[in-house]
Amino acid sequence: MQYDAVLAETIGIRGHGDDEIEAYTARPMDGAPRGGMIVIHHMPGYDAATKEITRRFATMGYHAICPNLYTREAPGADPDDAAATARAQGGVPDERFVGDAAGAARWLRSLPTSNGKVGAIGFCSGGRQAVLTGIAVDVQAAIDCYGAFVVGTPPEGFPLQVQPLADRIPELSAPLLGLFGNEDSYPSPDQVDELEKLLQENGKPYEFHRYDDAGHAFFSVDRPAYRVAAAVDGWEKIRDFLARHLGD
C-alpha cells in the first residue's frame, strides 16, 4: 500500500527585506526527494481556492508553498478585505514580490527532501508574477496561467500599478508554460501572440496552449468562468511540464 500522507500548514518565512510573511505549505510525508512549487495567488488573494491548489501540488508529488503577498497590508485579514486593501494601494510592488518569491524558493530548497529544483505557477495577476519569477528568481520552471500585462499596458483606471515585462523577456532563465483562453481580454489573443513572438526572438524555451470557449479564470472551479475541458487539459499539461523540468 502506497503511503500518501500530506502535511498542510501555515508557517512564517523570510521574504523581501527579511520581513516575516505568512505562507501556506503542503508537502508529501513519504521522505522521497522531490522538487518544489511556488504557488502565486491571484488578485482575490490568499484564499481557500489557492490553498486547495497548493495541496493539489503536494498530491502530485511536489513540496508546495503559497506566500501571502498581502501579509504586510492586512495581517490576519479575511482574503477579500486583504485583497481590497492591496488593490487600493496599487497591488504588490514587483521588487517586493521578487523578494518574497525568493524567500519561498529558499524555504523549499531548505527542506531535507528537496532535490534542489523549484518551479513557480501563478493565475491572473499571479501569472504575470510567475513570469517575473522566471526572470528574477532561481527557478527551473515557470507557468503563466492567463497572466495579464506580461505584455500590453493596463487601461486607464486599472487598479494595479504594473508595468509590462516585455523588455525583460531576454532575462527569462526558466522554461515557460503558458495556458490561455481565446476569449480572454487580458491577456487577449493578440497579446499572447506578442509574448510568443518575444520568446521566439530571444530563443527562450516555452510552450503555449490556447483554449477555445474559455476566457479568464477558466481554472477557477468556484466561478462561472470555469471551463471543465480547458482546466482538465491544462492540469495535464502542467503535470507533464513539471515532470520534465523538476524531476530527478
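Soluble globular proteins tend to pack their nonpolar side chains together in the buried interior. Counting 49 residues, the largest nonpolar core has Ile13, Ile38, Ile65, Tyr70 and Phe97 as its most contacted members. Apart from residues lying up to four places away in sequence, Phe97 is in contact with Ile40, Leu69, Val92, Gln129, Leu132 and Thr133. Counting 30 residues, the second-largest nonpolar core is a separate cluster that includes Ile53, Ala64, Ile143 and Ala214.

Sheet architecture is open: eight strands sit in the order β1-β2-β4-β3-β5-β6-β7-β8, paired in mixed fashion. Strands at the two margins of the open sheet, each flanked by one partner only, are β1 (6-14) and β8 (206-211). If you compare each strand with its neighbour and ignore which way they point, the axes differ by 20° on average. Bridge count for strand β6 (residues 141-145) against strand β7 (residues 176-181) is four bridges, and the pairing is parallel. Paired with Asp144 across the bridge in β7 is Gly178. Running at roughly 165° to β6, helix α6 (residues 228-246) makes contact with β3 (34-40), β5 (114-123), β6, β7 and β8 of the sheet.

Taken as a whole, this structure holds one cavity of 30 Å³ or more when the rule is applied. Estimated volume of the largest cavity: approximately 40 Å³. In terms of lining, the largest cavity is formed by Asp144, Gly147, Val150, Val151, Phe180, Pro187, Gln191, Val192 and Leu195. Among the elements that make up the lining of the largest cavity, the one with the highest residue count is helix α5 (residues 189-201) (three residues).

The subject of this paragraph is helix α3 (residues 94-110). Its 17 residues place the ends of α3 24 Å apart at the C-alpha level, agreeing with the 24 Å of an ideal helix rising 1.5 Å per residue. When α3 is considered as a whole, its buried residues turn out to be Arg96, Phe97, Val98, Gly99, Asp100, Ala101, Gly103, Ala104, Ala105, Trp107 and Leu108. If you follow the buried residues of α3, they end up packed against β1, β2 (20-28), β3, β4 (63-67), β5 and α4 (125-136).

Using the criterion set out here, one finds 12 aromatic pairs in the structure. Aromatic pair Tyr146 and Phe219: ring centres 6.2 Å apart, planes at 35°, arrangement tilted. Here Tyr146 is found in the loop between β6 and β7, whereas its partner Phe219 is found in the loop between β8 and α6, with 73 residues between them in sequence. The burial state of Tyr146 is the same as that of Phe219; both residues are buried. Here the aromatic rings of Phe149 and Phe158 are separated by 5.0 Å at their centres, their planes lie at 75°, and the arrangement is edge-to-face.

Cut-offs used in this document
Residues numbered from 1 in each chain as written. Predicted model: local features only at pLDDT ≥ 70, side-chain atom pairs only at ≥ 80, totals over all residues. Heavy atoms only, no water. Core = buried A, V, L, I, M, F, W, Y, C linked by side-chain atoms within 4.5 Å. Buried < 20%, exposed > 50% of the residue type's maximum accessible area, 1.4 Å probe, protein only. Contact = heavy atoms within 4.5 Å. Pairing = 2+ DSSP bridges. Helix = DSSP H or I, 4+ residues; strand = E, 2+ residues; numbered from the N terminus. Axes fitted to C-alpha atoms, helices over the stretch in contact; angles between N-to-C directions. 1 Å grid on protein atoms, 1.4 Å probe; cavity = no way out; pocket = protein on both sides within 12 Å on 5 of 7 lines; lining within 4 Å. Points joined across faces, edges and corners; volume = space filled by probe spheres on them. Expected span 1.5 Å × (residues − 1). Phe/Tyr/Trp six-rings, centres within 6.5 Å; stacked < 30°, edge-to-face > 60°.

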